[in-house]
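# Commentary on secondary and tertiary structure
So the chains spell out like this:
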Amino acid sequence: MDVLRMFKISRRIQFLILLAFLSMISITTVNLMQLREELLEQKSIQTRNLVEVAHSLIHDQHDQFKTGRVTEEEAKQQAIQIIKSMRYEGDNYYWINDYEPRVIMHPIKPQLDGKDVSKVKDSTGKLLFIEIVKVARSNPEGGRLPYLWPKPGHDDPVAKISYVKAFQPWGWVVGSGVYIDDIDVIFYSKAKIALGILFALLLMLLFVSYFIARSILLPLNSTSKALVNLSEGEGDLTQTLLASGKDEVTVLVTAFNNFVRKIKDTVVKVEEVGKSVNISSRELSEITDTNKQQLESQHMETVQVSTAVNQMSATVLDIASNAEKAALAAKQADTEAQEGMLAMQDTTKAIQVLDSNVSSATSVISQLEAESQSIGSVIEVIKSIAEQTNLLALNAA
């Protein structure tokens, strides 16, 4: 239960020992009470058997009277005398009283014979003979009655247990009792033996419990201390706990040792990895420095390239501007070329016309040569050619 977890294991073991001790005391007490009751029952049965003997004697005398061998008074007196003389176990005796109650016969205290004893009490205030009559009349087979009564020759009352049985024909109650102080002697003797055994068992229980608790608590305390040291970061990973046995504590200690060993292996691996990481870190630092230098160099080159790119951009812009100007000039040249082509076409046409005219002039010259008489016409033709030649020269300029 969770409530028990509020207590230390040592306290729980102590509770267990206390519970076992109380259980042993309870069992011993019950056994002793049963022993006392059995002793009393044995005494009661013994007394009952003895009272049955006396009762059968009275019954025999009554039969003698019924058969007419003796008178009733003779039968009673003979029964009284026989029972009065009977003894067992030393001084134990019988007595007879009637239902009044009045003592018929008491061998130890004859002064009580014939007297009314209804007012007689024992030391506890019990009306002794009234109770005897009640028990005898309410139980035809007889009954047991405990009370206090002095021993013969003594005045101090002691515990006594009597068995009484009624004889209905004469209205008598015959009884006998035994002092139970001998039962007390037996009881206390047995009780001393039982208490001695109980004490020995208690010592044995404490002894065994001590070593059992020690076998549980020592490894548990060692394990808990080691766990506390580990949790606080001060644990010694080289230590191992003693794991001897087959109980649950041994399983716990073994598991702890395995756990510590795994942690130790992990720490060793971490240290190795740390060393490797340090080496790699130094190498990485060197590479980083080299890369830094290279990056600085590349940065300088990038700056230079950027400057060159800027200059190139300016040049490209100039080239683009010049290209634009060249494009405009080309466009203008194209326009002028087209105009020149038109002029050339016009010139070609003029040349063709001139050629035609030259051909005509040639023909005319030929005719002039042939016909000198047409000189005036030739001059007109030459004049016309000269005008056209002037015009062609103007167009070509």
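Here's a quick rundown of the structure.

### Quick notes on the pairing of strand 5 (residues 172-179)
Counting buried positions along strand 5 yields 8 of 8 residues, so the element is predominantly enclosed. Of the two faces of strand 5, both are covered, the one formed by W172, V174, S176 and V178 as well as the one formed by V173, G175, G177 and Y179. In this sheet, strand 5 lies alongside strand 1 (residues 94-98) in antiparallel orientation, the contact comprising 5 bridges. Bridged to I96 within strand 5 is V174.

### Some thoughts on the pairing of strand 4 (residues 157-167)
Note on strand geometry: in a regular strand, side chains alternate between the two faces of the sheet. Counting buried positions along strand 4 yields 8 of 11 residues, so the element is predominantly enclosed. Across 8 bridges, the pairing between strand 3 (residues 143-150) and strand 4 is antiparallel. Note on strand 4: the bridge partner recorded for R144 is Y163. Adjacent in sequence and paired antiparallel, strand 3 and strand 4 are bridged by 6 residues, among which G153 carries a positive phi angle near 85°. With 8 bridges connecting them, strand 4 and strand 5 associate as antiparallel partners. Bridge pairing links S162 to G177 in strand 5.

### So, the side chain of K160
On the secondary structure map, K160 appears in strand 4. For the buried K160, no salt bridge is present, and the opposite-charge side chain at shortest range is D181, 10 Å distant. A distance of 3.4 Å separates polar atoms of two side chains, one belonging to K160 and the other to Y93. With residues up to four places along the chain from it excluded, the contact list for K160 reads Y93, L145, P146, Y147, W149, G177, V178, Y179 and I180.

### Some words on the environment of D113
With respect to the helices and strands, D113 occurs in the loop between strand 2 (103-105) and helix 3 (128-138). D113 sits in the partly exposed class, given a relative accessible area of 28%. With 11 residues separating them along the chain, D113 and R102 place their C-alpha atoms 7.8 Å apart. There is a polar contact of 2.8 Å between the side chain of D113 and the backbone nitrogen of H106.

### Remarks on the sheet that holds strand 1
One open sheet holds the 5 strands; their spatial order is 2-1-5-4-3, and the pairing between them is antiparallel. Whereas interior strands pair on both sides, the edge strands pair on one side only; in this sheet they are strand 2 and strand 3. Each adjacent strand pair in this sheet contributes to an overall mean axis angle of 35°, direction not counted. Sitting on the sheet, helix 2 (residues 72-85) touches strand 1, strand 2 and strand 5, and the angle it makes with strand 2 is about 75°. Sheet strands in contact with helix 3 are strand 1, strand 2, strand 3, strand 4 and strand 5, and its direction is about 165° off that of strand 3.

Definitions and limits used
Residues numbered from 1 in each chain as written. Predicted model: local features only at pLDDT ≥ 70, side-chain atom pairs only at ≥ 80, totals over all residues. Heavy atoms only, no water. Buried < 20%, exposed > 50% of the residue type's maximum accessible area, 1.4 Å probe, protein only. Helix = DSSP H or I, 4+ residues; strand = E, 2+ residues; numbered from the N terminus. Pairing = 2+ DSSP bridges. Lys, Arg positive; Asp, Glu negative; His and termini not counted. Salt bridge = Lys/Arg side-chain N within 4 Å of Asp/Glu carboxyl O. Polar contact = N/O pair within 3.5 Å; in protein donor to acceptor, adjacent residues only side chain to side chain. Contact = heavy atoms within 4.5 Å. Axes fitted to C-alpha atoms, helices over the stretch in contact; angles between N-to-C directions.

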